[in-house]
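# Fold and contact review
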Amino acid sequence: MRTLNVALPKGRLGEKIYDLFERAGFPCPSIRDGSRKLIFENAEVGIRYFWVKPSDVAIYVERGAADIGVCGKDILLEYSPDVYELLDLRKGKCSMCVAGREGFVDDRAGTLTVATKFVNVAKSYYASIGREIDVIQLNGSIEIAPILGLSDVIVDIVETGSTLRENNLVVVERFADISARLISNKASFKFKSEEIERVKAGLSALVEDGEND
Amino acid sequence: MIDFSDVLTRSEITAFTLRKIYREQGYSQYKMSKFEEYDLYVKNKDFLVSDSVLTFTDTDGKLLALKPDVTLSIIKNGKDNPTELMKVYYDENVYRVSKGTKTFREIKQVGVECVGAVTDSTIAEVLGLAVRSLASISTSSVLEISNLDLIPGLFDYYGVSESARGEVIALLSQKNGDGVAQALASDGMSESAVNAFTDLISIYGAPEKVLPRLACYEVNEQTKRAVSELFSAVQGLTSGGATKISIDFSLTGDMKYYNGIAFKGFVEGVPSSVLSGGSYDKLMKRMGKRSRAIGFAVYLDELERLFFRREEQ
């Protein structure tokens, strides 16, 4: 049996995802010790987990440092990494949205300015509806961009919408469903296909059971 | 004879080993000039791995390009005789934009091309050479083989709309079963049609395991031909040695240029494919040639890290 290297997203979602792996038969008890270590291994079941920044999971997997990993569909849409997207884990559900100030209507006159963390997602969405835009890339607190007049709208992921509401913004359009996905390095999949299929089957059974919402 | 083994780098040794393998199989070397007219590349831009080409103006005002690719030049300059078979190999540097730095890099590439009277046995021979190439690089490798005509054949049979096809192919190449099911369902496909495509994702692996399962996909002329081509292509290959053979329909390619048999080689320890090839009769047609063609390239730059790690150990 070959050891599988698994990149998990640090944070609350990552902990939920680890629970899923554990229930699927790939536990690594030391991970719950609360230490600040980033790498955990359970040789018995042949698995090694490591915590990385959520937006970096796809890079670790694409470059083969991790065989498989779990990352949000938003990251996959933004970076289009050359990986397999094996399973929708239906965790961390939210949507990719356009939001603007209350009452905002795009009259399609002039160029629309869009503030976002997801530059490629915004470009390809507006290209698909034939709207000319200017993109302003921000790294956080996107919601204040329309309020300060920095942009007309924002493109961002929206879970409950409470941050938007508190900043007097409303969703103008939902255009993609986001959730956590199991991804795999293409080359690793050739050499560890049995191991990866076992993980996928274990997780898939839990997702299908619906005991995971 | 001087022994050069202590001066040659791993990637040079690999390049020479590959050249020897091809030469022994009766391939002759194709040496290309450093520059080609830019026109050749701009007409087939999508065929290139990276779409930027390094250009400059020659003293006579002609726009030239530093070669980003070898195949196009071989097609352009080679004879177009559908009754003869031209077998060549090359060992060239090409200039492409690297994905990481977004700047131009020089990449060493070794490969073979067969142009002209390509038959089933030519395809089998080229696949055999791909296997031997991989085996000379690593003790653990996989040659993944697909037939690009199978999926379009299924599209025609089930009546998948033109607009959905590109997306479904992209999702199949990601083995994204959920996505394929959604895309086809929203295109109005029946459950059995959806299942036919999503099942295809789980049908991969050794030919003896996969080929018997393809019977249910032989639904029209095109798919029948695709499956029988696969049968004859893998017949002469022996799996289980250093190089494993795997049939996998998630391997897709640009259908404007490629058709029929396509393949990719992976060696353990390298995170992306190190060998890539297939038949490109459609590209030949686009360039106004009547011959058929098949070939592959080995990307030595991808192997550098593997060699480096081996030396460290």
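Parameters and conventions
Along each chain, residue indices are assigned from 1 in the same order as the chain's sequence is written. As a convention, the first chain written is A and the first ligand written is 1, with the rest following in written order. Whole-chain, interface and lining totals are the exception, using all residues; otherwise, since this is a predicted model, local features are given only for residues with pLDDT of at least 70 and side-chain atom pairs are given and counted only at 80 or more. For the side-chain quantities, the full set of heavy atoms in the structure was used; hydrogens and water were omitted. Put simply, DSSP H or I for four residues or longer makes a helix, DSSP E for two residues or longer makes a strand, and each gets a number counted from the N terminus. Exposure is judged per residue with a 1.4 Å probe applied to protein chains only, and the accessible area is read against the type maximum: over 50% gives exposed, under 20% gives buried, and values in between give partly exposed. Here, two residues are considered to be in contact whenever any of their heavy atoms come within 4.5 Å of each other. Per-residue and other accessible areas follow the Shrake-Rupley method at a 1.4 Å probe size, with only the shown protein chains counted as cover for residues. When charges are tallied, Lys and Arg are placed among the positive residues and Asp and Glu among the negative ones, while His and the ends of the chain are skipped. Charge placement uses NZ in Lys and CZ in Arg. For Asp and Glu, CG and CD serve respectively. In this scheme Phe, Tyr and Trp rings, the latter by its six-membered ring, pair at centre separations within 6.5 Å, and the angle between planes marks the pair as stacked below 30 degrees, edge-to-face above 60, and tilted otherwise. The pairing criterion for strands is at least two bridges between them, as found by DSSP. Orientation is described by lines fitted to C-alpha atoms, with helices fitted over the stretch in contact, and by angles between N-to-C directions that extend from 0 to 180 degrees. An angle counts as roughly parallel when it lies under 35 degrees, as roughly antiparallel when it exceeds 145, as roughly perpendicular when it falls between 65 and 115, and as oblique in every other case. Think of it as three bins: nonpolar holds Ala, Val, Leu, Ile, Met, Phe, Trp, Tyr, Cys and Pro, charged holds Asp, Glu, Lys and Arg, and polar takes everything else, Gly as well. Per-residue confidence from the predictor is reported as pLDDT, which spans 0 to 100. A patch consists of residues whose relative accessible area exceeds 30% and which take part in no salt bridge; residues with like charges are grouped when within 9 Å of each other, and nonpolar side chains (Val, Leu, Ile, Met, Phe, Trp, Tyr) when within 5 Å. A pair is scored as a salt bridge if a Lys or Arg side-chain nitrogen falls within 4 Å of a carboxyl oxygen belonging to Asp or Glu. Put simply, a nonpolar core is a bunch of buried Ala, Val, Leu, Ile, Met, Phe, Trp, Tyr and Cys residues held in one set by side-chain atoms that sit within 4.5 Å of each other. Here the quantity called buried area is the total loss of accessible area, with a 1.4 Å probe, experienced by two parts when brought into contact, counted for both. Whenever two N or O atoms come within 3.5 Å, that pair is a polar contact, provided that in protein one can donate a hydrogen and the other can accept it, and provided that, for residues adjacent in sequence, both atoms are side-chain atoms.

Turning our eyes to something else, we now look at the overall build of chain A. A count of helical and extended segments in chain A gives eight helices and 11 strands. For chain A, the C-alpha atoms occupy an extent of roughly 60 × 35 × 35 Å along the three principal directions. Burial analysis of chain A (213 residues in total) assigns 50% to the buried set. Contacts spanning at least 24 positions in sequence make up 67% of the contacts within chain A whose residues lie at least 6 apart. Accessible area of chain A: about 10,400 Å², with a carbon and sulfur share of 46%. Across chain A, the mean location of the 28 positive side-chain charges is 3 Å away from that of the 33 negative side-chain charges.

Glancing now at the packing of aromatic side chains. Describing an aromatic ring pair means giving the distance of the ring centres and the angle of the ring planes. This structure, assessed with the given rule, holds 14 aromatic pairs over all chains. With centroids separated by 5.2 Å and ring planes inclined at 75°, the aromatic side chains of Y84 of chain A and F189 of chain A adopt a geometry described as edge-to-face. A residue pair is termed long-range when its members are at least 10 positions apart, and Y84 of chain A in strand β5 (residues 83-88) and F189 of chain A in helix α7 (residues 186-191) qualify at 105 residues. Like F189 of chain A, Y84 of chain A is buried. Where F35 of chain B meets F56 of chain B, the ring centres are 4.9 Å apart and the plane angle is 75°; that geometry is what we call edge-to-face. Of this pair, F35 of chain B sits in strand β2 (residues 35-37) while F56 of chain B is found in strand β3 (residues 55-57), placing the two residues 21 residues apart along the sequence. Members of the aromatic cluster, joined through ring pairs, are Y22, Y89, F263 and F296 of chain B.

With that settled, consider the sheet that holds strand β6 (residues 104-116) of chain B. Whether parallel or antiparallel, the strands of a sheet pair through hydrogen bonds between backbone atoms. Residue and element names in this part refer to chain B. Pairing within the open sheet is mixed, and its nine strands lie in the order β1-β5-β6-β12-β11-β10-β7-β9-β8. Lying at the two open borders of the sheet, with one neighbouring strand each, are β1 (28-29) and β8 (204-205). Two elements, strand β11 (residues 275-279) and strand β12 (residues 292-299), share five bridges in a ladder whose sense is antiparallel. Each residue of the ladder has a partner; that of L275, found in β12, is V298.

What follows is about the packing of helix α5 (residues 150-158) of chain B against helix α8 (residues 191-202) of chain B. Residue and element names in this part refer to chain B. Direction vectors running N to C along α5 and α8 enclose 170°, while the axes themselves pass 11 Å from each other. In terms of orientation, α5 lies roughly antiparallel with respect to α8. Contact residues: L150, I151, L154, F155 and Y158 in α5; S192, A193, A196, F197 and L200 in α8. Here the residues of the contact of α5 with α8 sort into nine nonpolar, one polar and no charged.

Below, the discussion takes up the confidence of the model for chain B. A low pLDDT score tells you not to read the predicted coordinates there in detail. Residues and elements named next belong to chain B. Summary statistics for chain B give a mean pLDDT of 90 and a share of 97% for residues scoring 70 or more. Put simply, helix α12 (residues 300-312) is where chain B has its lowest mean pLDDT, 73, and strand β7 (residues 141-147) is where it has its highest, 96. Two summary scores accompany this predicted model of the complex, namely pTM at 0.91 and ipTM at 0.89.

So, on to a nonpolar patch on the surface. All names here are of chain A. Among the surface-exposed residues, I144, I147, L148 and L150 lie close enough to one another that they form a single nonpolar patch of about 380 Å² accessible area. Here I147 is to be found in helix α5 (residues 144-147). Overall, the relative accessible area of 41% leaves I147 in the partly exposed class.

Since the α-helix packs 3.6 residues into each turn, any two residues three or four apart lie on the same face. Residue and element names in this part refer to chain B. Considered for burial, the residues of α5 that qualify are L150, I151, P152, G153, L154 and F155. Looking at the packing, one finds that the buried side of α5 touches β7, α6 (162-173), α8 and α10 (221-235). Looking one or two places after α5, you find G159, whose phi comes out positive at around 70°.

We now examine the nonpolar core. Ranked by internal contacts, the top residues of the largest apolar core, which has 67 residues, are Y22, L143, I145, F263, F296 and L303 of chain B. Counting residues in hydrophobic clusters, the runner-up holds 30 residues, among them Y18, F21, F26 and Y84 of chain A.

Moving on, we come to the environment of G288 of chain B. Residue and element names in this part refer to chain B. Within the secondary structure, G288 is located in the loop between α11 (281-286) and β12. For G288, a relative accessible area of 62% gives the class exposed. Along the chain, G288 and D80 lie 208 residues apart, while their C-alpha atoms are 9.4 Å from each other.

Taken together, the contact pairs 20 residues of chain A with 20 residues of chain B. Between chain A and chain B lies a buried interface of about 1,600 Å² when both sides are counted; carbon and sulfur atoms form 49% of it. Among the residues of chain A in contact with chain B, E85, K190 and F191 of chain A are the three that bury the most area, contributing 36% of the side total. Linking K190 of chain A and D248 of chain B is a salt bridge whose minimum nitrogen-to-oxygen distance equals 3.9 Å. In this assembly, chain A and chain B are joined by eight residue pairs in polar contact (both at pLDDT 80 or more). The leading source of residues in the side of chain A that touches chain B is β5 of chain A, at six residues. Class assignment for the residues of the side of chain A that touches chain B results in seven nonpolar, three polar and 10 charged.

Overall, the predicted model of chain A reaches an average pLDDT of 92, with 99% of residues at or above 70. Averaged pLDDT values for the elements of chain A fall to 90 in strand β2 (residues 39-42) of chain A and rise to 97 in strand β11 (residues 180-185) of chain A.

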